[in-house]
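Examining the three-dimensional arrangement
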Amino acid sequence: MAQHSNRKRPNILVTGTPGTGKTTTSSALAEATHLRHLNIGDLVKEKNLHDGWDNHLRCHVVNEDLVCDELEDMMEEGGNIVDYHGCDFFPERWFDRVIVLQTENSVLYDRLSKRGYTGDKLTNNIECEIFQVLLEEAKESYPEETVVALKSDTIEDISRNVTALTDWVRMWNPTS
Ligand code: ADP
Ligand code: MN
């Protein structure tokens, strides 16, 4: 695996449709590796990195430039796990690994219903998963060898993914 950056610790992007387990996986990985977990959704709310509220989709309208400005120094330094359901607006150079979590449709449907998603918000997210929108977005935005799709249907999947990623982080050696 080629390593392009000279960061002492790698930056990992954990992306995927809402409900695929990004936050659960990222916090377990952060605990195991002591990398910094950056939940972009929370950061957007805390620091007001948005242009208001979308009433129809019931979410904030993220200001992508503000988010990138906020993250730049930390990403430069390295050692971050970025947890977000989008990936095309981050600079390509930021990430050493891009993980796309994927969940079987019926499993995801139950998770999102439990979370209180209904109507268009539920349908849009299920379609997003069916059409592998995040995997396509990741492949278009990052080098092929950086992007890895991982199954996230069960708790066992999470443990296996976290173990594999923890090993990868431990093996990390900056170039130069
Ligand atoms: P995301 O951050 O991608 O929206 P979360 O990590 O918040 O997803 O997970 C959403 C819900 O689904 C949580 O209740 C979580 O416990 C559950 N969940 C996520 N991934 C899995 C998995 N692989 N196996 C079982 N439950 C999961
Ligand atoms: Mn989340």
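Residues numbered from 1 in each chain as written. Chains lettered and ligands numbered in written order. Predicted model: local features only at pLDDT ≥ 70, side-chain atom pairs only at ≥ 80, totals over all residues. Heavy atoms only, no water.

Heads up, the condition is: UniProt positions are given in the numbering used here, feature names are shortened, and annotations may be inferred rather than shown by experiment.
As recorded by an unreviewed UniProt entry, the protein carries the name Adenylate kinase isoenzyme 6 homolog and is attributed to Cephalotus follicularis. Regarding the protein, the UniProt comment filed under Subunit (unreviewed entry) reads as follows: "Interacts with small ribosomal subunit protein uS11. Not a structural component of 43S pre-ribosomes, but transiently interacts with them by binding to uS11."

1. A closer look at the environment of Val147
Note the threshold: Helix and strand definitions here come from DSSP, where helices need a minimum of 4 consecutive H or I residues and strands a minimum of 2 consecutive E residues; each element is numbered from the N-terminal end. Note on definitions: a residue-residue contact is assigned when non-hydrogen atoms from the two residues lie within 4.5 Å.
In this structure, Val147 sits in strand 7 (residues 147–151). With 134 residues separating them in the primary sequence, Val147 and Leu13 have C-alpha atoms 9.4 Å apart. With sequence-adjacent residues up to four places away left out, Val147 is seen in contact with Val98, Val100, Leu135, Ala138, Lys139 and Tyr142.

2. Here we look at a nonpolar patch on the surface
Our working rule: Patch definition: residues above 30% relative accessible area lacking any salt bridge, with like charges linked at up to 9 Å and the nonpolar side chains Val, Leu, Ile, Met, Phe, Trp and Tyr linked at up to 5 Å. The protein chains shown are the only cover counted for residues, whose accessible areas, like all others here, come from Shrake-Rupley with a 1.4 Å probe. We define a salt bridge as a side-chain nitrogen of Lys or Arg found within 4 Å of a carboxyl oxygen belonging to Asp or Glu. Here's how the labels work: a residue is buried when its accessible area is under 20% of the maximum for its type, exposed when over 50%, partly exposed in between, all with a 1.4 Å probe on protein chains only.
Together, Ile130, Phe131 and Val133 give the surface a local cluster of nonpolar side chains, amounting to about 290 Å² of exposed area. Looking at the secondary structure, you find Val133 in helix 6 (residues 133–141). According to the relative accessible area criterion, Val133 is partly exposed, its value standing at 36%.

3. Notes on the pattern of salt bridges
Evaluated as defined, the whole model comprises 7 salt bridges. The salt bridge involving Arg93 is made with Glu72; its shortest N-O contact spans 3.3 Å. Remark: Glu72 occurs in helix 3 (residues 64–77) and Arg93 occurs in the loop between strand 5 (80–83) and strand 6 (97–102); sequence separation between them is 21 residues. Each of Lys151, Asp153, Asp157 and Arg160 takes part in one network of salt bridges that share partners.

4. Details of the site of ligand 1
Threshold: Nearness here has a simple test: a residue counts as near a molecule or strand if at least one of its heavy atoms is within 4 Å of that partner. Here a polar contact is taken to be a pair of N or O atoms separated by no more than 3.5 Å, where protein atoms must pair a possible hydrogen donor with a possible acceptor and residues adjacent in sequence count only if both atoms sit in side chains.
Near ligand 1 you find 15 residues, and of these Gly19, Lys22, Thr24, Arg115 and Thr154 are the closest. Between an oxygen atom of ligand 1 and a main-chain N or O atom of Thr20, the distance comes to 3.4 Å. At 2.5 Å from an oxygen atom of ligand 1 is found a side-chain nitrogen or oxygen belonging to Thr24. Protein burial of ligand 1: of its 550 Å² of free accessible surface, 74% is covered by the chains.

5. With respect to the pairing of strand 5
Let me state the cut-off plainly: At least two DSSP bridges between two strands are needed for those strands to be called paired.
Burial of strand 5 is two-sided: the residues Asn80 and Val82 facing one way and the residues Ile81 and Asp83 facing the other way are all buried. Here 3 bridges tie strand 1 (residues 12–15) to strand 5, and the two strands are oriented parallel to one another. Across the sheet, Leu13 pairs through a bridge with Val82, a residue of strand 5. Pairing of strand 2 (residues 36–39) with strand 5 involves 4 bridges; the strand directions are parallel. Along strand 5, the bridge assignment pairs Asn39 with Asp83.

6. Focus on the nonpolar core
Side chains that are nonpolar tend, in soluble globular proteins, to be buried together. What counts here: Among buried residues, the Ala, Val, Leu, Ile, Met, Phe, Trp, Tyr and Cys ones that are joined through side-chain atoms within 4.5 Å form a nonpolar core.
Within the largest apolar cluster, 25 residues are counted, with the highest numbers of intra-cluster contacts made by Ile40, Leu71, Phe90 and Phe95. The element contributing the most residues to this core is helix 3, with 4 residues. Discounting residues that sit within four places of it in the chain, Leu71 has contacts with Leu38, Ile40, Leu43, Phe90 and Trp94. Judged by nonpolar contacts, the second largest core, of 15 residues, contains Val14, Leu29, Leu101 and Val169.

7. Remarks on the UniProt feature "binding site: ATP" (unreviewed entry) in the protein
Under the UniProt annotation, the feature "binding site: ATP" (unreviewed entry) is placed at Gly19, Gly21, Lys22, Thr23, Thr24 and Arg115. Mapping Gly21 onto the fold places it in the loop between strand 1 and helix 1 (22–33). Checked against the element boundaries, Thr24 lands in helix 1. Among the residues examined, Thr24 registers a relative accessible area of 47% and is labelled partly exposed.

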